[in-house]
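A closer look at the structure
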Amino acid sequence: MKIPMDAVGDLLLQAGRDIIMPRFRRLRAEDIAEKTSHRDLVTIADEEAEAFLTPQLEAMLPGSRTVGEEAVGRDPALLDLLGQPGLHWLIDPIDGTASFAIGCALFGSMVALVQDGDAIASWLLDPPTGRLYMARQGEGAWLREPDGTVQRLTMPRPPSLAHLSGVANYGISDRTLAMRMAYRIDQTAGVLNMRCSGQEYPAMALGQIHWAIYGRGIPWDHAPGTLLISEAGGVARRLNGQLYRACDPPGGSPLLVACGEEQWNWLKTGLFDP
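Here we summarise the structure given alongside this text. (Residues numbered from 1 in each chain as written. Predicted model: local features only at pLDDT ≥ 70, side-chain atom pairs only at ≥ 80, totals over all residues. Heavy atoms only, no water.)

Some words on the sheet that holds strand β14 (residues 255-258)
Under the convention used in this document: Between any two strands, at least two bridges found by DSSP are needed for them to pair. Labels follow the DSSP assignment, with helices taken as runs of H or I lasting at least four residues and strands as runs of E lasting at least two, numbered in each case from the N terminus. Think of each axis as a best-fit line through the C-alpha atoms, taken over the contacting stretch in the case of a helix, with angles from 0 to 180 degrees between the N-to-C directions.
The strand order β11-β10-β12-β14-β13 describes an open sheet built from five strands, whose pairing is mixed. With partners counted over all chains shown, the strands left at the sheet margins are β11 (190-192) and β13 (235-238), one partner each. Sheet twist, expressed as the average angle between the axes of neighbouring strands with direction ignored, equals 20 degrees. Pairing of β13 with β14, which is carried by four bridges, proceeds in the antiparallel orientation. The partner of Ala236 across the bridge, within β14, is Val257.

Put into structure tokens, the structure is as follows:
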């Protein structure tokens, strides 16, 4: 099957340029709404970008269907499509909406193509800069700069746990695990939290950070990025040892992403194991 990698990337760039960025730092109060809580926001830009992308992505691969974050918010049953045979597009029109809504540039847009439950291609865009990250299963990962320059992505692998910096997400529901991580985190080089997986996965792929842990494996948040990391030489596996799949239900064992197999094992034994 021929996947239109560049065409999808161009479409995502168009959504960023024509829909998302014109709304950035120009939102009115009525353009922002809460979904499930004050921490879970949606803006008019999320809705418009998803509405723009959905029909055009489906037209690129006739017979494919779309699972978008905002559409699932209206109809949660759509999430079940990912476990069914066939091709499905995953859309996160704006990841990091809370940052976008307050005018902070830590947000991104992501798309993944899922076949029979697994991501086989992905696109991650940084709308403010126009930098586009892409991956295809078995073919690698690369960064396309706004000037068209393409860089193959291979994650560096620091030599010890003490050299690893990453994203420590203390929102893990297992509070014992979170406290264990907090107590041991000084064994690493340092931590941060961008509150945006659409920024964190590209930072890992570039070697700016080396790992991240997430308590909730929501597919539009993680299917695009885990494929990017895997194709750049990293590992995306749950702490129980299972590989991450796009069709996994949200929740379950925390997802630990790292720049390599050895580094993943250092993090698991050094920070998370009893």
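Let's talk about the nonpolar core
Going by this rule: Here, the term nonpolar core denotes a set of buried Ala, Val, Leu, Ile, Met, Phe, Trp, Tyr and Cys residues that are joined through side-chain atoms within 4.5 Å. Each residue gets one of three labels from its accessible area relative to the maximum for its type: buried under 20%, exposed over 50%, partly exposed in between, using a 1.4 Å probe on protein chains only.
Grouped together as the largest cluster of nonpolar side chains are 57 residues, with contacts concentrated most on Leu90, Met204, Trp211 and Phe272. Of all the elements, helix α7 (residues 219-231) adds the most residues to this core, at five residues. Membership of the second largest hydrophobic core comes to 31 residues, among which are Leu11, Leu53, Leu87 and Leu113.

Details of α7
Rule in force here: Expected helix span is computed as 1.5 Å times (number of residues minus one).
End to end, α7 covers 17 Å across 13 residues, agreeing with the expected 18 Å (1.5 Å per residue, within 8%). Counting buried residues along α7, twelve of its 13 residues qualify, which places the element largely inside the surrounding structure. All of the buried residues in α7 are Pro219, Trp220, Asp221, His222, Ala223, Pro224, Gly225, Thr226, Leu227, Leu228, Ile229 and Glu231. Gly233, located one to two residues past α7, shows a positive phi value of around 105 degrees.

Focus on the side chain of Asp221
As a reminder of what qualifies: Positive charges are assigned to Lys and Arg, negative charges to Asp and Glu, while His and the chain termini are left out of the count. For this document, the term salt bridge refers to a Lys or Arg side-chain nitrogen within 4 Å of an Asp or Glu carboxyl oxygen. Here, residues are in contact when the closest pair of their heavy atoms is within 4.5 Å.
With respect to the helices and strands, the residue Asp221 is situated in helix α7. This buried residue, Asp221, is left without a salt bridge; Arg216 holds the nearest opposite charge, at 6.2 Å. Setting aside residues up to four positions removed in sequence, Asp221 forms contacts with Asp92, Asp95, Met110, Ser197 and Tyr201.

A few points about the packing of helix α1 (residues 5-20) against helix α2 (residues 44-60)
Spelled out, the test is: By the definition adopted for this analysis, an angle is roughly parallel if under 35 degrees, roughly antiparallel if over 145, roughly perpendicular if from 65 to 115, and oblique otherwise. Handedness of a crossing is defined here by the sense of rotation of the near helix relative to the far one, left-handed for an anticlockwise turn of less than a right angle and right-handed for a clockwise turn.
Put simply, α1 and α2 touch, their axes get as near as 10 Å, and they point 155 degrees apart. Relative to α2, the element α1 is oriented roughly antiparallel. The two elements α1 and α2 cross, and the hand of that crossing is right-handed. The residues of α2 that touch α1, namely those facing Ala7, Val8, Leu11, Leu12, Gln14, Ala15, Ile19 and Ile20, are Ala45, Glu48, Ala49, Phe52, Leu53, Gln56, Leu57 and Met60.

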